[in-house]
Amino acid sequence: MSFDWDTRRKRKIADITQALSVEPVDVATLRRMAISEGGLLTDEIRCQVWPRLLNVPPHLLDQEPGTVERENNKDSNQVLLDVQRSLRRFPPGMPDEQREGLQEELIDIILRVLKRNPQLHYYQGYHDIVVTFLLVVGERLATVLVEKLSTHHLRDFMDPTMDNTKHILNYLMPIIERVNPDVHDFMQQADVGTVFALSWLITWFGHVLSDFRHVVRLYDFFLACHPLMPIYFAAVIVLYREEEVLECECDMAMVHHLLSQIPQDLPYEMLISRAGDLFVQFPPSELAREAAAHESTAASTFKDFELASTQLQPDSVLRRRRKQKPAALESSSTSPVVAVERPSTARRFVRLAVMGLTVALGAAALAVVNTALEWAPKLDLFP
């Protein structure tokens with residue numbers, strides 16, 4: 001078994017190297033590599049691939065971060081407090097001097113991004129995402145990637161109010177209902193709501209997982225997919241714990257306590273695959289009616305990414321997708337089901353990779369307007 005994994009690992013590294021070497025870079029393949037078993041494997045590879053998944057222009061990657069003015073900054077005090085409480089996010093055994101240096105860099109990255117983008121509002125938990133990028137790619141590259149992420153994937157969390165964040169959380173229960181009505185009904189009866197998953201969503205699980213390897217594996221997956229994928233992953237965690245949930249006393253406090261404590265030994269690869277299955281079978285547009293849509297979303301800030309996406313390398317799958325009628329993209333019924341049909345592994349990764357190209361709209365906006373596959377053909381990706 002170890003031999004098989006070593007062989008697959010070497011093959012994956014070769015595929016990633018090949019995808020990075022062509023001109024233009026084969027982003028669709030990089031997305032498939034990030035989604036499939038093992039993700040991007042090493043931090044060295046992540047340094048090369050994460051910028052491509054976020055579609056960061058190469059000339060920005062070499063820019064040195066500017067100095068940060070902490071005086072008279074409205075966010076300085078809160079950022080400083082949050083970073084001082086983030087000791088557990090650094091590797092155990094790291095010398096104090098090194099950790100303190102990284103904490104200073106973490107503060108600078110956050111304040112730098114907020115200064116450049118006054119439309120963004122800091123939220124508690126944002127530092128949990130930024131520290132992951134800092135530890136993987138370093139301050140210079142993390143500044144560029146976090147800025148892009150903050151104006152795209154995380155944009156809805158950085159509004160002045162939590163309206164769009166609450167809207168995204170509203171997708172959790174419809175997903176659970178489609179797969180397991182018993183769990184859904186039990187949670188509804190307990191009136192537990194979805195607040196237990198808030199920290200999962202807004203930190204991309206960085207705040208609640210103790211093993212950094214699992215955190216970066218999820219980041220590979222989320223960066224390669226639709227902005228709503230974290231809420232699908234939250235749903236599969238709840239569904240995976242079906243027996244625990246149904247055996248719990250049907251009381252709001254008891255169920256909330258159970259669900260808010262994520263087991264640290266989850267089968268992450270299986271859950272990632274499962275989340276991908278559910279996204280393909282139950283795309284956001286199918287659930288939008290049940291997740292009360294807000295009119296105010298971050299859609300207007302994503303036109304630049306739509307234009308930039310026209311430069312991504314097409315592949316044969318994307319060509320076929322463009323020719324398909326939108327009606328053919330709705331592959332499942334809207335009625336609740338217990339058993340979910342699993343698409344083939346290759347087809348699922350391809351569809352998720354296609355969806356990953358559609359992060360040009362905010363998560364809430366894109367969910368209301370259309371599914372990723374319905375929206376993707378609108379891009380003029382092909383001559």
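Remember, predicted model here, so these are calculated numbers, not experimental data.

Draft legend 1. Representation of a negative patch on the surface. Side chains of Asp182, Asp185, Glu242, Glu243 and Glu247 sit close together on the surface and give a patch of like negative charge. In terms of residues, the negative patch owes the most to one element, helix H14 (residues 242-247), which gives 3 residues. Among the structural elements, Asp182 can be located in helix H10 (residues 181-190). Residue Asp182 is classed as exposed on the basis of its relative accessible area of 54%.

Draft legend 2. Structural detail: the side chain of His184. Checked against the element boundaries, His184 lands in helix H10. Beyond its immediate stretch of four places on either side in the chain, His184 contacts Met173, Ile176 and Glu177.

Draft legend 3. The arrangement of the pattern of salt bridges in detail. Under the criterion given, the structure shown has 14 salt bridges. For the salt bridge of Asp159 with Arg155, the shortest nitrogen-to-oxygen distance reads 2.5 Å. Residue classification places Arg155 among the buried residues on the basis of a relative accessible area of 8%. The salt bridge partner of Glu244 is Arg241, with a shortest N-O separation of 3.1 Å. Members of the salt-bridge network, linked through shared partners, are Asp43, Arg46 and Asp220.

Draft legend 4. Broad picture of the packing of helix H12 (residues 212-223) against helix H13 (residues 229-240). Packing of H12 against H13 brings their axes to within 9 Å, and their N-to-C directions diverge by 130°. Here H12 lies oblique to H13, going by the angle between them. In this structure, H12 contributes Leu218, Phe221 and Phe222 to the contact, and H13 contributes Met229, Pro230 and Phe233.

Draft legend 5. Structural context of the UniProt feature "transmembrane region" (unreviewed entry) in the protein. The feature "transmembrane region" (unreviewed entry), as given by UniProt, occupies residues 192-209, 221-240 and 352-373 in the numbering adopted here. For residues 192-209, the end-to-end C-alpha separation is 22 Å, with 28% helix and 0% strand making up the annotated structure. Annotation note: span residues 221-240, helix share 75%, strand share 0%, distance between end C-alpha atoms 19 Å.

Draft legend 6. How the structure looks around the packing of aromatic side chains. Taken as a whole, this structure holds 15 aromatic pairs when the rule is applied. A centroid spacing of 5.3 Å and a plane angle of 85° characterise the contact between Phe205 and Phe233, whose relative ring orientation is edge-to-face. In this pair, Phe205 is assigned in the loop between helix H11 (198-202) and H12 and Phe233 in helix H13, connecting sequence segments 28 residues apart. Residue classification places Phe205 among the buried residues on the basis of a relative accessible area of 0%. The class for Phe233 is buried, based on a relative accessible area of 1%. The structure contains a cluster of three or more aromatic residues connected by ring pairs, namely Trp50, Phe133, Phe196, Trp200, Trp204, Phe205, Tyr219, Phe221, Phe222 and Phe233.

Draft legend 7. Up close: unusual backbone geometry. A cis amide bond, omega -5°, links Glu23 with the succeeding residue Pro24. Following the sequence through the fold, Pro24 ends up in the loop between helix H1 (2-21) and helix H2 (27-35). One non-glycine residue, Leu41, lies in the positive phi region at around 75°. Following the sequence through the fold, Leu41 ends up in the loop between H2 and helix H3 (43-53). A positive phi is found at Phe205, a non-glycine position, where the angle reads about 70°.

Rules behind the numbers
Sequence order as written defines residue numbering, which begins from 1 separately in each chain. Totals for whole chains, interfaces and linings use all residues, but because this is a predicted model, local features are given only for residues with pLDDT of at least 70 and pairs of side-chain atoms are given and counted only at 80 or more. To get the side-chain values, all heavy atoms of the structure are used, and hydrogens and water are removed first. Exposure above 30% relative accessible area and no salt bridge define the residues that can form patches, which grow by joining like charges within 9 Å and nonpolar side chains of Val, Leu, Ile, Met, Phe, Trp and Tyr within 5 Å. Accessible areas in this description were obtained via Shrake-Rupley with a 1.4 Å probe; residue shielding takes into account the shown protein chains only. Salt bridge, as used here: a side-chain nitrogen of Lys or Arg that lies within 4 Å of a carboxyl oxygen of Asp or Glu. Positive charges come from Lys and Arg alone, negative charges from Asp and Glu alone, with His and the N- and C-terminal ends not counted. A charge is said to be at NZ when it belongs to Lys, at CZ for Arg, at CG for Asp and at CD for Glu. The way it works is that DSSP assigns letters per residue, a run of H or I at least four long becomes a helix, a run of E at least two long becomes a strand, and they are numbered from the N terminus. Each residue is assigned to one of three classes by its accessible area relative to the maximum for its type, calculated with a 1.4 Å probe on protein chains only: buried under 20%, partly exposed between the two thresholds, exposed over 50%. Whether two residues are in contact is decided by their heavy atoms: any pair within 4.5 Å suffices. Comment: axis = line fitted to C-alpha atoms, over the contacting stretch for helices; angle = value between 0 and 180 degrees taken between N-to-C directions. Relative orientations are named as follows: roughly parallel for angles under 35 degrees, roughly antiparallel for angles over 145 degrees, roughly perpendicular for angles from 65 to 115 degrees, and oblique for any other angle. UniProt positions are given in the numbering used here, feature names are shortened, and annotations may be inferred rather than shown by experiment. Classification of ring pairs rests on two measures: the distance between centres of Phe, Tyr or Trp rings, Trp counted by its six-membered ring, which must be within 6.5 Å, and the angle between planes, read as stacked under 30 degrees, edge-to-face over 60 and tilted in between.

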